[in-house]
Amino acid sequence: MSNHLINLADLDRDAIRELLHLTDRFVEVSQRPIPKVPALRGRTVALIFFEDSTRTRMSFDLAAKRLSADVIDFPTHTSSLSKGESLKDTVETIQALGVNALVIRHAVDGLPGEIAEAVGETISVINAGDGLNAHPTQGLLDAYTLCQHFHGSAGTEASLDGIHVGIVGDIQHSRVARSDFAAYRSLGAKVTLVAPPDLQPTDLENWPVEITDDLDSVLPSLDVVGLLRIQKERMGEAVVSSVDDYVERYGITESRAKEMRDDVVIVHPGPVNRGIEIADSVLDERANVLVNQQVTNGVAVRMAVLFRLLGSGIEID
Ligand code: CP
């Protein structure tokens, strides 16, 4: 693994397993009365979010602080970018300040990878979501949450062998779908894509699995329903012509939930469009809806990533 995390598709199964096993350690740390270790004392992490975020931003912030790193929350709207300074010059300025890691979210596909190439080994770049392309820490935390649910923890050989996951919804516009797909497949899960024809990926050669527009036909065989957010902000035009129709065909409504096996797991990266991807009552009351557990695990996963990329040999204890 390089000193950057840009796309899970770049990581082999061993590298993913290593990060998930490290996450086990940080889940334990997170459960301590004082969930903080000195492992990254003296390191500095900059959070640079050009798109809105609640979970990813806060959990990277918390993860870095729980590792005793210093954190700079870079203000994209009030920085000298607004005076015309280029992103390249901004990154060079951040480098010159002695920052050790950039955690970057941007609407442009591939931008974190371009920055990583530009900075080389001098600083770690972590992709916190780029356009439609990738959201690697979300893929890791979703895979970790499933390993934890089915096996108690990731262990040294994290596996989703024998688990059938349906990724349901707006696959075309979802970087989460791309990173979840990479993580789940790497760990041996069977994956089926479920989406309306207009929201199916156009690069089908990169998704060598079954794809259907009929959720009800595949639902009885699924162990995990991985819901995706309808991403109104990324749709150039209204491709979901009728929200009611979408809910009827793809939403986990009360009536559809009643038809599902009790042990079926539901995950969603958030933020949830309540009443669209999933009914309020199902989200709030059904067992095995792991949305909050995903958020909790996001901190430990991001601690693992920061520790793996920035650790200087100080033990976790
Ligand atoms: N899942 C996710 O990326 O959420 P945020 O946009 O709130 O970070």
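Everything that follows concerns the structure shown earlier in this document.
Residues numbered from 1 in each chain as written. Predicted model: local features only at pLDDT ≥ 70, side-chain atom pairs only at ≥ 80, totals over all residues. Heavy atoms only, no water.

1. Some remarks on the pattern of salt bridges
If charged atoms from side chains of opposite charge come close, those side chains can pair.
Now for step 1: In the structure shown here, the tally under the stated rule is 11 salt bridges.
Now for step 2: Note that Asp280 and Arg274 form a salt bridge whose closest N and O atoms lie 2.9 Å from each other.
Now for step 3: Given the relative accessible area of 40%, Asp280 is considered partly exposed.
Now for step 4: In this structure, the salt-bridge partner of Arg274 is Asp284, at a minimum N-O distance of 2.9 Å. Pair noted here: Arg274 is in the loop between strand 9 (265-267) and helix 10 (280-285) and Asp284 is in helix 10, with a separation of 10 residues, a long-range link. (Salt bridge = Lys/Arg side-chain N within 4 Å of Asp/Glu carboxyl O. Buried < 20%, exposed > 50% of the residue type's maximum accessible area, 1.4 Å probe, protein only. Helix = DSSP H or I, 4+ residues; strand = E, 2+ residues; numbered from the N terminus.)

2. Details of the nonpolar core
Now for step 1: Ranked by size, the top nonpolar core spans 68 residues in total, and within it Leu20, Phe26, Val45, Leu140, Ile167, Tyr184 and Leu306 carry the most contacts.
Now for step 2: Both domains that meet at this core, namely domain 1 (8-135 + 295-310) and domain 2 (136-291), each give it at least three residues.
Now for step 3: The residues touching Phe26, leaving out its near neighbours within four places in the chain, are Val37, Leu67, Ala300, Met303, Ala304, Phe307 and Ile316.
Now for step 4: In this structure, Leu222, Ile276, Val289 and Val291 belong to the second largest nonpolar core, which totals 25 residues. (Core = buried A, V, L, I, M, F, W, Y, C linked by side-chain atoms within 4.5 Å. Domains from an automatic or database assignment. Contact = heavy atoms within 4.5 Å.)

3. With respect to unusual backbone geometry
Now for step 1: The omega torsion of the bond from Gly270 to Pro271 falls at -10 degrees, within 30 degrees of zero and hence cis.
Now for step 2: The topology assignment puts Pro271 in the loop between strand 9 and helix 10.
Now for step 3: At Ser68, a residue that is not glycine, the phi angle is positive and equals roughly 70 degrees.
Now for step 4: In this fold, Ser68 is placed in the loop between helix 2 (55-66) and strand 2 (70-74).
Now for step 5: The phi dihedral of Asn288 is positive, around 65 degrees, even though this residue is not glycine.

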